[in-house]
2 protein chains.
Amino acid sequence: MTAQRADGGRPVGSAAWELLLPAASAPARSRGRSLASALRDAVRSGRLTAGTRLPASRELAADLGVSRGLITETYEQLTAEGYLRSGRGSGTWVGDAVRAASPAVRDLAPRDGHARVDFLPGLPDLSLFPRATWATAHRQVLAELPHHTLGYPDPRGLPRLRTVLADLLARRRGVVAEPERVIVCSGVAQATTLLALALRARGHTTIGVEDPGSPEHGTLLTAAGITPKGIAVDVEGVDVTALREQGVRAVVTTPAHQFPSGIAYSARRRAELLGWARSVDGLIVEDDYDGDFRYDRAPVGALQGLDPEHVAYTGSVSKSLAPGLRLGWLLVPDGLADEVVERKRVMDLGNPALDQELLAHFVERGDYDRQLRRCQRAYRERRDTLVTALHAHFPGVRVTGIAAGLHVIARLPGRWGPQDVFLARAAAAGVAVRPLADYGVSATGATAAEDGVHLVLGYAHLSPARITEGLRLLAGAVRASE
Amino acid sequence: MTAQRADGGRPVGSAAWELLLPAASAPARSRGRSLASALRDAVRSGRLTAGTRLPASRELAADLGVSRGLITETYEQLTAEGYLRSGRGSGTWVGDAVRAASPAVRDLAPRDGHARVDFLPGLPDLSLFPRATWATAHRQVLAELPHHTLGYPDPRGLPRLRTVLADLLARRRGVVAEPERVIVCSGVAQATTLLALALRARGHTTIGVEDPGSPEHGTLLTAAGITPKGIAVDVEGVDVTALREQGVRAVVTTPAHQFPSGIAYSARRRAELLGWARSVDGLIVEDDYDGDFRYDRAPVGALQGLDPEHVAYTGSVSKSLAPGLRLGWLLVPDGLADEVVERKRVMDLGNPALDQELLAHFVERGDYDRQLRRCQRAYRERRDTLVTALHAHFPGVRVTGIAAGLHVIARLPGRWGPQDVFLARAAAAGVAVRPLADYGVSATGATAAEDGVHLVLGYAHLSPARITEGLRLLAGAVRASE
């Protein structure tokens, strides 16, 4: 390789061209792309600085052992892109258009903790995902799918899935769900964001959220430009008087199994809440996040079924199949439908078509009902294991809330406190537990009088053995006074 | 079945209870759910009105031939839900909580036209989707996937896919794409919405869009609360002087293959545009919608590669695989990354995990490159067929723009006009074609001087035979003067 002298540019050592050698020996099909890529990198890295003159194409071709045409093309390519510039017959230089990327490095690894046993609430058991059935469904769906289904989807969702979901939700959750009312979305988070954006466009600036409640509701509303107002939850449900006092006209609720308190809204409170929504021409957002899982009786049907023009219903397959599927549904009052669908359209044009067909197929064949029964059995057993272990290790514990869902509230008597010491010792022993107070202001208020340790314990993602082990570790790490 | 008399309520004929008979003969496992469902429907439909007293559980059980316990449970269930109410030992009535759904009926059918041949631009050939390879990939991915991948995803995308895309985009499109910079999203529409929301939060109230250009860019910006400003496109690209005059600090562009004009931005214009972005501390959004398809030479590399801190790069698999997959990518300047990722999180928590793993697997195995070559061959042939047919049927036609992408601009001489008559005759013959003027103000301006018929013709989704047929139909329907 000959050393290059730039006439009119800076001198360049032969090393600068050596970096092109690996690219020059790439397979013929990708050689041009490799050369262009290596040359771009050399300019970007500053190894070739602005003003540097490139060797004549004939020379470089000889040095690299490639055709002159390939070098000419590469020069033209990078000139068209702005990395190089060329004068009339006067050679090719490195241009001055390139700016380096900021060197900031971001972590690619997932962000999660390293507890030995983590009682994080809200996670299903991912090992229950029916992989074999899902793979079979995928093959069958792909074999039968009309081509046009792979095109740009209807932002409302595929008609087949909407029809199937309408039937499923009417049957299992008592909702009013004509297919025309169902909007397929990526889950409850997207549904909440869609509704928040639509309500903000209608002039809502504040919306009520349950307190205690899921912090995620407030986060989503805030991101949509709406101020969340915490509304106290008592043993019957969200406080309707407080709703009126706050002056909101919409509220996000979890009536079938309030998160995190674990109550089901009473019939009286359901009626009061509907009365409030009608009187203010408002909207109740019903987050039915785990409404399929009740272990002592049939789940309470959705509030939406009582008044579909004042309740928006949201749900997903996140707890029944897997959160990673990102598939859910949203049923909105007729007056909000167009606005919500247009928001959905600009957000993502609609959910992936194959995933929708797959879920429709899965539900149609009865596989979804089977999966719910399977999860129901597994989660009921885990809840029983947890409650038994709690009573064994922490005498006097009160487990509150209905027998449902994926978590319990455990209230340990005062002698296990103070709570901060308890939590620190648990963490040191590798057991991650969260205090109820993490989930809202009134959670703190409500439990301030009765001291003790008040925990939210998720169990669905842990095997019975892990649950037992976690409670054993926890009990060994903490100590009751006296 | 005995007729029921409501004491203290209205009398109810026996017919009201007959509607429960089908539910009562449902399989034991679902009988309770069926009964509850039928009773809810009766209340909602008004067949059972508020105040109606229900039969005693013993009587109804006898009438329906089911256990009394089942009726008691059903009554309790619907009382808990608010459909019924009960007094102390004084029976059960239909409550007054229910309100009917609005009867509005929405169309479930997809909204599309019925042209015999539709030259709609922007659609790939969905029959080229590699179903067999995709199904195999799905099976392999599902067999190997760690459970945790099915959990709530990283909103930025799975590390495996981000790594694969970084390599793919650097190699094929010359972008600067460390995996840390790649954000997986559902496509260019979502990417544009994410960027628009992030820019609005930074105080941008107006953003430039190409004119002529894709109407979708303006729609997305408007939905994000930003006013789009049309910026004229000339033969070298978007007019940088006009950008300065409009006072915008961001612009959405299609540098590799401008839509719809079909030019590639010149090297000089690329440099000017980057200079502008740096001088206003602004952002160029690069929509690389069909950057993989160039038929006469290697595609011009992405603008983003020259200055990743002033260019946000967006692309997807919509043209190379299928729009229905809803999978794409976004590369943002480091300073915008956190904001964009948080917007992505509240929008949908991230893309479906299985789909991401599937695409990563597909790219890793070289299947994506094979698919691009396959599409490239097919689309090049279709473009050639279209151009040949245009010249045969419309002598004097000018086909402008580079040999790339999924559409051409055809400029028919004045004798084929006036354009509105031409379009009406085409439509009557069942051939859907769109005038260039549909895509912007300056499209009209630029072509006003030279009259004639200026069409945007998409060809990628049509087989060569359909293209030939479409042109034959078109030529038969319209007539040149003289």
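Residues numbered from 1 in each chain as written. Chains lettered and ligands numbered in written order. Predicted model: local features only at pLDDT ≥ 70, side-chain atom pairs only at ≥ 80, totals over all residues. Heavy atoms only, no water.

## Thoughts on the packing of helix H8 (residues 188–201) of chain A against helix H12 (residues 334–348) of chain A
Two quantities define a packed helix pair, namely the angle between the helix axes and the distance between the axes.
All names here are of chain A.
Now for step 1: Relative orientation of the contacting elements H8 and H12 amounts to 120°, with a least axis distance of 9 Å. One way to sum up the angle between H8 and H12 is to call them oblique. H12 is crossed by H8, and the crossing has right-handed handedness. Counting all contacts with H8, which are made through Gln 190, Thr 193, Leu 194, Leu 195, Leu 197, Ala 198, Leu 199 and Ala 201, the residues of H12 involved are Leu 336, Glu 339, Val 340, Arg 343, Lys 344, Met 347 and Asp 348.
Now for step 2: Of the residues in the contact of H8 with H12, the class split is 9 nonpolar, 2 polar and 4 charged. (Axes fitted to C-alpha atoms, helices over the stretch in contact; angles between N-to-C directions. Helix = DSSP H or I, 4+ residues; strand = E, 2+ residues; numbered from the N terminus. Parallel < 35°, antiparallel > 145°, perpendicular 65-115°, else oblique. Left-handed = near helix turned anticlockwise from the far one by under 90°. Contact = heavy atoms within 4.5 Å. Nonpolar A, V, L, I, M, F, W, Y, C, P; charged D, E, K, R; others polar.)

## Structural notes on the side chain of Ser 316 of chain A
Residues and elements named next belong to chain A.
Now for step 1: On the secondary structure map, Ser 316 appears in strand E10 (residues 311–316).
Now for step 2: Side-chain polar atoms of Ser 316 contact the backbone nitrogen of Ser 318, separated by 3.0 Å.
Now for step 3: Every residue in contact with Ser 316, bar those within four places of it in the chain, is listed here: Gly 187, Val 188, Leu 327, Gly 328, Trp 329 and Tyr 368. (Polar contact = N/O pair within 3.5 Å; in protein donor to acceptor, adjacent residues only side chain to side chain.)

## Regarding the interface of chain B and chain A
Now for step 1: If you look at the interface, chain B gives 108 residues, while chain A gives 108 residues.
Now for step 2: Each partner contributes to the roughly 8700 Å² buried at the junction of chain B and chain A, and carbon and sulfur atoms together form 52% of this total.
Now for step 3: Put simply, chain B and chain A have 2 salt bridges between them.
Now for step 4: Between Arg 345 of chain B and Glu 216 of chain A there is a salt bridge whose closest N-O contact spans 3.2 Å.
Now for step 5: Looking at the side of chain B that touches chain A element by element, the count peaks at 9 residues for helix H12 (residues 334–348) of chain B.
Now for step 6: Across the side of chain B that touches chain A, the residue classes tally to 47 nonpolar, 23 polar and 38 charged. (Buried area = accessible area lost by both parts, 1.4 Å probe. Salt bridge = Lys/Arg side-chain N within 4 Å of Asp/Glu carboxyl O.)

## Some points on the relation of the copies chain B and chain A
Now for step 1: The transform that puts chain B on chain A rotates by 180° and translates by 0.0 Å along the axis, for an RMSD of 0.1 Å. Seen this way, the second copy is the image of the first under a two-fold rotation axis. (Least-squares fit on C-alpha atoms with pLDDT ≥ 70 in both.)

## Quick notes on the sheet that holds strand E15 (residues 434–435) of chain A
Whenever strands of a sheet pair, they do so through backbone hydrogen bonds, lying parallel or antiparallel.
Residues and elements named next belong to chain A.
Now for step 1: Spatial strand order, E12-E13-E16-E15: 4 strands in an open sheet with antiparallel pairing. Edge positions in the sheet fall to strand E12 (398–400) and E15, since each of these pairs with one other strand and no more.
Now for step 2: Note that E15 and strand E16 (residues 453–458) share 2 bridges and pair antiparallel. Looking at E16, one finds that Arg 434 is bridged to Val 456. (Pairing = 2+ DSSP bridges.)

## What about the confidence of the model for chain A?
Residues and elements named next belong to chain A.
Now for step 1: Residue-level pLDDT values for chain A average 90, and 92% of them are 70 or greater.
Now for step 2: This stretch, residues 1–11, has a pLDDT under 50; its non-local contacts, to residues over four places away or in other chains, come to 24 contacts.
Now for step 3: For this predicted complex, the interface score ipTM comes out at 0.89, while the overall pTM is 0.90. (pLDDT = per-residue confidence, 0-100.)

## Here's the deal with the packing of aromatic side chains
Now for step 1: In this structure the tally under the stated criterion is 14 aromatic pairs over all chains.
Now for step 2: Residues Trp 134 of chain B and Phe 362 of chain B carry aromatic rings whose centres are separated by 5.1 Å and whose planes lie at 70° to one another, so their mutual orientation is edge-to-face. Of this pair, Trp 134 of chain B sits in helix H6 (residues 131–144) while Phe 362 of chain B sits in helix H13 (residues 353–364), and the two are 228 residues apart along the sequence. Here Trp 134 of chain B matches Phe 362 of chain B in class, with each residue buried.
Now for step 3: Each member of the aromatic cluster is reached from another via a ring pair, and the members are Phe 129, Trp 134 and Phe 362 of chain A. (Phe/Tyr/Trp six-rings, centres within 6.5 Å; stacked < 30°, edge-to-face > 60°. Buried < 20%, exposed > 50% of the residue type's maximum accessible area, 1.4 Å probe, protein only.)

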